[in-house]
Amino acid sequence: MLSSLHSLSYCSAPSTGALKSSPIINSSRVYKFLRVRCCSSRDKNQEPVTNFGGVQLEETVNLKAAGKLRLDSWISSRIVGISRARVQSSIRSGLVSVNGQVINKASHSVKVGDKVNCTISELQPLRAVPEDIPLDIVYEDDHVLVVNKPAHMVVHPAPGNVTGTLVNGILHHCSLPTVAFKNQEVLSDAEDISDEEELTSSICAAASVRPGIVHRLDKGTSGLLVVAKDEHSHAHLSEQFKLHSIQRVYISLTSGFPSQSSGRVEVPIGRDSNNRIRMTAIPGPIKHGQARYAASRYKVIEILAGGACALVEWRLETGRTHQIRAHAKYLGIPLLGDEVYGGTKNMAMSLLQPRTPPSCDGKLLKLVSGLERPCLHAFALGFIHPHTRDNIHFSRPPPPDFAEALHQLREIGTEKVLGI
């Protein structure tokens, strides 16, 4: 897939004629009931639901879970096709009770015999303003939108980034399903919102919205991102992220290169106790509340500038906040330009200067000074279409800043890694 990186000549047309793939979930049959008593009672002739507002569930928990069973997870499993975020909105709105007591905590544990009453909240008015922002749309139909996000753009509105986000631009382009509530949890510009970690991060009183957003990219990360245009698609794509069946390939420029040309990093990731905006890899047994399981696969594509840098491919098995950046730092190869995770300009210069003649110092300084974000790009994205069940795949080359840095590093020196 990445052999064309050496010439930066890509074939990026989507494979819309891909082979059919069997659905991983049965959310193609999602129906709206005035009252839902069991998710298995369906009328096969009814149409899929686009708005779950007013759907009611009255049922006794009879599922014996191996561990704790979250209230939001259980309700999501009983109303086929609904998104977890929509269920959480309903819980926090006071529309869910367990054994007659209103519960407003999504992580509340339920057990066998608990009687749950739930009414799904209506979709709330948007709290993001549509803005006429140019978008690089890679693919679009009535159900999904694939966008090539530029670096430096935040995905969804949050305190400090109310306008100019990808969501603002998408809302101007088309309508999207929205979940919004007064005390919505504000998510960092991280990875999958289908992951419980990202759904249960810090709470902020300011309103935030994430219409159609199934996963996110960091502000500084460029590349491909899929957006759901209806609730059915949102639920289906979220399930694929939860099952780790989404194909995601990232490429990066790193400071230095790893001792092994390929490998798998299976190290939990948690919040850095010394810096709340940074995550960190925490080796050893996972302690409750400290870290979450995380796994990444990496492959060195090209060693650059005599070993000062490398072009590295990443494939995610999980979607933790800042996962690639934290795992790259753990390997001792922080991403070039990543000031938060150790890929500083000083480090880059210390690696590059010994490998180049003094006459190149000015050129090196210009190269390093021009790095205004971590050199990370979401190169490829593949998933099962929520409605057609086609297995579709997209790829996009890195933007000019990444490509220019790669070009200049190759001029200093390049070594293709055998077997790639």
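All values derive from a computational prediction rather than experimental measurement. (Residues numbered from 1 in each chain as written. Predicted model: local features only at pLDDT ≥ 70, side-chain atom pairs only at ≥ 80, totals over all residues. Heavy atoms only, no water.)

Chemist: Tell me about the overall build of the protein chain, and name the residues and values.
Modeler: Tallying secondary structure elements over the protein chain gives 9 helices and 20 strands in all. By residue count, 54% of the 420 residues in the protein chain fall in the buried class. Roughly 18,300 Å² of accessible area belongs to the protein chain as shown, and the carbon and sulfur atoms make up 52% of that amount. (Helix = DSSP H or I, 4+ residues; strand = E, 2+ residues; numbered from the N terminus. Buried < 20%, exposed > 50% of the residue type's maximum accessible area, 1.4 Å probe, protein only. Areas by Shrake-Rupley, 256 points an atom, 1.4 Å probe, with all protein chains shown as cover.)

Chemist: Explain the sheet that holds strand β1 (residues 56-60) to me, using residue names and the numbers behind them.
Modeler: With antiparallel pairing, 4 strands are arranged side by side in an open sheet as β1-β6-β3-β4. Each edge of the open sheet is held by one strand with a lone partner, namely β1 and β4 (101-102). As paired elements, strand β3 (residues 96-98) and β4 share 2 bridges and run antiparallel to each other. What sits directly across from S97, in β4, is V102. Its contacts with the sheet place helix α1 (residues 71-78) against β1, β3 and β6 (115-119), and it is angled at close to 110 degrees to β1. (Pairing = 2+ DSSP bridges. Contact = heavy atoms within 4.5 Å. Axes fitted to C-alpha atoms, helices over the stretch in contact; angles between N-to-C directions.)

Chemist: Requested: an account of the packing of aromatic side chains, with residues and values cited.
Modeler: Counted under the stated rule, the structure contains 3 aromatic pairs. Seen in terms of ring centroids, Y139 and F394 are 5.3 Å apart; in terms of plane orientation they differ by 40 degrees. Their pairing is tilted. Here the residue Y139 occupies a position in strand β7 (residues 137-140), and F394 occupies one in strand β19 (residues 391-395), the gap between them amounting to 255 residues. Of the residues examined, Y139 reaches a relative accessible area of 18% and is grouped as buried. Here the aromatic rings of Y298 and W314 are separated by 6.0 Å at their centres, their planes lie at 50 degrees, and the arrangement is tilted. (Phe/Tyr/Trp six-rings, centres within 6.5 Å; stacked < 30°, edge-to-face > 60°.)

Chemist: Tell me what's going on with the nonpolar core, and back it up with residues and numbers.
Modeler: The biggest cluster of nonpolar side chains holds 34 residues, and the ones touching the most others in it are L166, I170, V227, Y250, W314 and I324. Taken together, the elements giving at least two residues each to this core come down to β8 (144-149), α3 (166-173), β11 (222-228), β16 (295-304), β17 (309-316), α6 (323-330) and β18 (376-384). Ranked by size, the runner-up nonpolar core spans 25 residues in total, among them I301, L304, L351 and A380. (Core = buried A, V, L, I, M, F, W, Y, C linked by side-chain atoms within 4.5 Å.)

Chemist: Any details on the packing of helix α7 (residues 345-352) against helix α8 (residues 361-369)? Residues and values, ideally.
Modeler: Interhelical geometry of α7 versus α8 gives an angle of 150 degrees and a closest axis separation of 10 Å. The handedness of the crossing between α7 and α8 is right-handed. Residue-level contacts link K345, A348, M349 and L352 of α7 to L364, L365, V368 and S369 of α8. (Left-handed = near helix turned anticlockwise from the far one by under 90°.)

Chemist: With reference to specific residues and values, describe helix α2 (residues 84-92).
Modeler: Of all 9 residues that make up α2, 8 are buried, and the element is covered over most of its length. For α2, the complete set of buried residues consists of R84, A85, R86, V87, Q88, S89, S90 and I91. Following α2 by one or two positions, G94 has its phi on the positive side, about 80 degrees.

Chemist: Report on the pattern of salt bridges, specifying residues and quantitative values.
Modeler: For the structure shown, the criterion picks out 17 salt bridges. For E266, the salt bridge goes to R264, with nearest N and O atoms at 2.6 Å. Judged by relative accessible area, which is 34%, R264 ranks as partly exposed. The salt bridge partner of R325 is D338, with a shortest N-O separation of 2.8 Å. Pair noted here: R325 is in helix α6 and D338 is in the loop between α6 and α7, with a separation of 13 residues, a long-range link. Accessibility assignment for this pair places R325 and D338 in one class, buried. (Salt bridge = Lys/Arg side-chain N within 4 Å of Asp/Glu carboxyl O.)

Chemist: Give a detailed account of the confidence of the model for the protein chain, specifying residues and quantitative values.
Modeler: When pLDDT is averaged across the protein chain, the result is 79; 75% of the residues are at 70 or more. Contacts for the low-pLDDT stretch residues 7-47, under 50 throughout, to residues beyond four places or in other chains number 98 contacts. Predicted confidence is poor over residues 179-209, with pLDDT under 50, and the contacts of this stretch with residues over four places away or in other chains come to 120 contacts. (pLDDT = per-residue confidence, 0-100.)

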